[in-house]
Structures are given as C-alpha cells and as structure tokens.
Amino acid sequence: MKTHELPGGTMILLSNLENKVYECMHEEVCKEDMSERDAYVAQQLVNKGMCARTQREGKTYFKQAPRSFEWAIQM
C-alpha cells in the first residue's frame with residue numbers, strides 16, 4: 001500500500017497495482033495502449049480523484065491529477 005495526496009490535501013491509500021498504473025501516467029496515456037486490466041485500474045483512479053480522463057478524436061486518455069502543492073504553484 002502507498003499513500004498519495006489528493007488535490008486539497010487529503011491523503012489516500014493505493015494498492016500496489018493502483019500505484020504501478022498511477023506512476024506510469026506522468027504523461028497522457030491512451031487507453032488503447034494499456035491492457036484491459038490497467039485501463040480498469042486507471043478508471044478506478046479517476047473515480048478516486050487521482051487521475052483525470054479526457055476524450056479527444058474518439059480516444060480516451062488518462063493523466064495524473066495535479067497534487068495540492070502543484071495547484072498552489074499554478075495559481
């Protein structure tokens with residue numbers, strides 16, 4: 001288990017598999033380039049607020065959501 005900080009400062013626990021998928025999303029990752037299992041885990045991370053999902057040109061992309069200290073820098 002790993003802990004990560006959500007935007008807003010809330011800490012959340014991730015399983016080892018969720019953490020592995022999360023660490024692979026430094027840049028946008030297309031759902032078509034992921035295994036079915038990793039795509040499912042990525043959707044779980046979206047539901048938890050750890051990742052963002054966007055759709056462009058009929059394709060789905062996943063990317064890490066910025067952490068709370070990154071939000072402060074962007075403002």
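Read on for a plain summary of the structure.

Quick look at the pairing of strand S2 (residues 11-14)
Moving on, step 1. Alternating positions in S2 separate cleanly, Ile12 and Leu14 being buried on one face and Met11 and Leu13 remaining unburied on the opposite face.
Moving on, step 2. As paired elements, strand S1 (residues 2-5) and S2 share 4 bridges and run antiparallel to each other. Within the sheet, the bridge partner assigned to His4 lies in S2 and is Ile12.

Here we look at the sheet that holds strand S3 (residues 29-30)
Moving on, step 1. With antiparallel pairing, 3 strands are arranged side by side in an open sheet as S3-S5-S4. Either end of the sheet is taken by a strand with one partner, and the two such strands are S3 and strand S4 (51-56).
Moving on, step 2. Note: S3 against strand S5 (residues 59-64), 2 bridges, orientation antiparallel. Looking across to S5, one finds that Val29 is bridged to Phe62.

Considering the nonpolar core
Moving on, step 1. One finds Val21, Met25, Met34, Leu45 and Met50 to be the most contacted residues of the largest nonpolar core, which totals 14 residues.
Moving on, step 2. Within the residue set of this core, elements represented by two or more residues are S2, helix H1 (16-23) and helix H2 (36-48).
Moving on, step 3. Looking at which element gives the most residues to this core, the answer is H2, with 3 residues.
Moving on, step 4. Residue contacts for Met50: discarding those within four places in its chain leaves His4, Leu6, Ile12, Leu14, Tyr22, Leu45, Gln64 and Ala65.

Thoughts on H1
Moving on, step 1. Within the span of H1, buried status applies to Glu18, Asn19, Val21 and Tyr22. For H1, the buried positions fall inside an angular range of 165° around the axis, keeping them on one side.
Moving on, step 2. Check the buried side of H1 and you find it contacts S1, S2, H2, S4 and S5.

How each quantity is defined
- Per chain, residues are indexed from 1 in the order of the written sequence.
- Given that the model is predicted, a residue must reach a pLDDT of at least 70 before its local features are reported, and side-chain atom pairs must reach 80 or more before they are shown or counted; all residues, however, enter totals for whole chains, interfaces and linings.
- The side-chain figures draw on all heavy atoms in the structure; neither hydrogens nor water molecules are used.
- For each residue, the accessible area found with a 1.4 Å probe, counting protein chains only, is set against the maximum for its type, and the residue is called buried under 20%, exposed over 50%, and partly exposed in between.
- Helix numbering and strand numbering both begin at the N terminus, where a helix is a DSSP run of H or I of at least 4 residues and a strand a DSSP run of E of at least 2.
- By definition, two strands form a pair when at least two bridges between them are found by DSSP.
- Remark: nonpolar core denotes a set of buried residues (Ala, Val, Leu, Ile, Met, Phe, Trp, Tyr, Cys) joined through side-chain atoms within 4.5 Å.
- The contact criterion used throughout is that any non-hydrogen atoms of two residues lie within 4.5 Å.
- Think of it as the arc spanned by the lines of direction from the helix axis to the C-beta atoms.

As far as function goes, none of this settles anything; it's purely spatial.
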